[in-house]
Amino acid sequence: MRLPGLNKTYLRLSSFYLFYFAALGVLAPYWSLYLQSLGFGPVAIGQLMAVLMFSRIVAPNVWGWLADHRERRMQVVRWSTLCAWLSFAAIFFGSGFWWIALVMLVFSFFWHASLPLLEVTTMNQVGRCAGAYGRVRLWGSLGFIVTVVGLGVVIDYYGPTWVPPALFALMISIWLTSLSLPEAAAPPATEAPTPLRQALLRPEVLAFLIAGVLMQVSHGPYYTFYSIYLTDFGYDETLVGVLWALGVVCEIGVFLLMQRLLQRVELRVVLLASFLLATLRWLLIGYFPQWLSVLVFAQTLHAATFGAFHATAIQFVHRFFTGRHQHRGQALYGSISFGLGGAVGSLYSGYAWGSVGPSGSFAIAAAAALAAFVVAWIGLKPKS
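Because the structure is predicted, anything quoted here is derived from the model rather than measured. (Residues numbered from 1 in each chain as written. Predicted model: local features only at pLDDT ≥ 70, side-chain atom pairs only at ≥ 80, totals over all residues. Heavy atoms only, no water.)

1. Thoughts on the packing of helix H11 (residues 267-287) against helix H13 (residues 302-320)
Relative to each other, H11 and H13 sit at 145°, their axes nearing to 8 Å. The two elements H11 and H13 cross, and the hand of that crossing is left-handed. The residues of H13 that touch H11, namely those facing Leu-267, Arg-268, Val-270, Leu-271, Ser-274, Phe-275, Leu-277, Ala-278 and Arg-281, are His-302, Ala-304, Thr-305, Ala-308, Phe-309, Thr-312, Gln-315, Phe-316 and Arg-319. Along the lines of polarity and charge, the residues of the contact of H11 with H13 split into 10 nonpolar, 5 polar and 3 charged. (Axes fitted to C-alpha atoms, helices over the stretch in contact; angles between N-to-C directions. Helix = DSSP H or I, 4+ residues; strand = E, 2+ residues; numbered from the N terminus. Left-handed = near helix turned anticlockwise from the far one by under 90°. Contact = heavy atoms within 4.5 Å. Nonpolar A, V, L, I, M, F, W, Y, C, P; charged D, E, K, R; others polar.)

Encoded structure:
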């Protein structure tokens, strides 16, 4: 199904995803390595990584409310990406714990503004065709792959000092790309959505959000310590980058196949499968790091634990929040799931890493993913 307007805006939307997730390809795999190079221990690293997620609890709702009360929503994206770039520049003027925490807090407040708004714009373009979102989103995965592999080689030779300059350059690219973004389409005038509070209190929505929080909690050790974990076992940064990239390659495959998959398999079933496979993935990483073949297989499961989960979650959000609630619904999902869940995941992994060790930390992650499965199984009823 070809949707009107998609071809016209595809390149601009895809370019933003490309640079945005290229920047994430610096933050997620290598920011903890950079912090370790500054002399910070596991608890401090967990706390600083949690700061990146903490602002996501509040920021998306502020920006979502602002976007819902303005007719030119892409102006919010342009200003927020500019402020993210300018605030991140302060990272070059200090290396103490509190300075980095302050810079990360301010930077992430603006950084977390743009993507939820872009997700709504993209879904307004392709939401009527199940799975088509993935064809646009895959460009973000490509950007992540190029960055994580390329920067891994650079770090292998020159050290983590290149992490902040690489992220700074990508921040500029994100802002420049935002200048060409099309204005978000307004929701159909015929829609009369229920009050936002009423939509949030629906049992299936609450179950979905709780499961999303638990899923992100389970990712805490992975996003905070995976690169450090592998280098401690003797793997070089180039191989670490390749393993990160392998997961995203598999993620791209899911995005490409998602439209076909959702025509045959119920959305709920795909979501439930992603929780079970996340449980398996964290157990494999936590208990078999010495086996490269096991790590490779575990990375292929990223197709489910992020690719399938994210693609189905976006569909659920688009289904649960309609009309003028779309931006705030997307923002609430991001703040509750990725913000609260990500912050808790980073914090607990920082403390657990030093007390129960890597295997124990990933065991807790597996338990959180399994709990997400149980909540979603009970709370999300099958379609009649």
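2. Thoughts on helix H8 (residues 203-218)
Taking 1.5 Å of rise per residue, 16 residues should cover 22 Å, and H8 covers 23 Å from first to last C-alpha, within 8% of that figure. For H8, every residue scored as buried is listed here: Val-205, Ala-207, Phe-208, Leu-209, Ala-211, Gly-212, Val-213, Met-215, Gln-216, Val-217 and Ser-218. (Expected span 1.5 Å × (residues − 1). Buried < 20%, exposed > 50% of the residue type's maximum accessible area, 1.4 Å probe, protein only.)

3. Description of the nonpolar core
One finds Trp-31, Met-104, Phe-208 and Phe-275 to be the most contacted residues of the largest nonpolar core, which totals 120 residues. Among the elements that make up this core, the one with the highest residue count is helix H1 (residues 6-37) (15 residues). (Core = buried A, V, L, I, M, F, W, Y, C linked by side-chain atoms within 4.5 Å.)

4. Here we look at helix H10 (residues 237-262)
An ideal rise of 1.5 Å per residue puts 38 Å on 26 residues; H10 measures up with 37 Å between its terminal C-alpha atoms. Of all the bends in H10, the largest measures some 40° and sits at Leu-256. The opening residue of H10 is Asp-236, an N-cap whose side-chain oxygen sits 3.2 Å from the backbone nitrogen of Thr-238. (Bend = angle between axes of the 7 residues up to and from the residue. Polar contact = N/O pair within 3.5 Å; in protein donor to acceptor, adjacent residues only side chain to side chain.)

5. Points about the packing of H8 against H11
Two quantities define a packed helix pair, namely the angle between the helix axes and the distance between the axes. For the pair H8 and H11, interaxial distance at closest approach is 11 Å and the crossing angle is 20°. When the interaxial angle is binned, H8 and H11 end up roughly parallel. At the point where H8 passes H11, the crossing takes the left-handed sense. Residues Phe-208, Ala-211, Met-215 and Ser-218 of H8 form the contact with H11, whose participating residues are Leu-271, Ser-274, Phe-275, Ala-278 and Trp-282. Residue classes in the contact of H8 with H11 are distributed as 7 nonpolar, 2 polar and no charged. (Parallel < 35°, antiparallel > 145°, perpendicular 65-115°, else oblique.)

6. A word on the side chain of His-302
Here His-302 shows up in helix H13. His-302 sits in the buried class, given a relative accessible area of 5%. Separated by 3.1 Å, the side chains of His-302 and Arg-281 make a polar contact. Excluding residues that lie within four positions of it along the chain, His-302 makes contacts with Tyr-222, Tyr-223, Gly-247, Val-248, Glu-251, Arg-281 and Gly-307.

7. Some points on the pattern of salt bridges
For the structure on display, the rule yields 1 salt bridge. Put simply, Glu-204 and Arg-202 hold a salt bridge, and the shortest N to O gap is 2.7 Å. For Arg-202, a relative accessible area of 32% corresponds to the partly exposed category. (Salt bridge = Lys/Arg side-chain N within 4 Å of Asp/Glu carboxyl O.)

Limitation: the analysis is restricted to geometry and does not speak to function.
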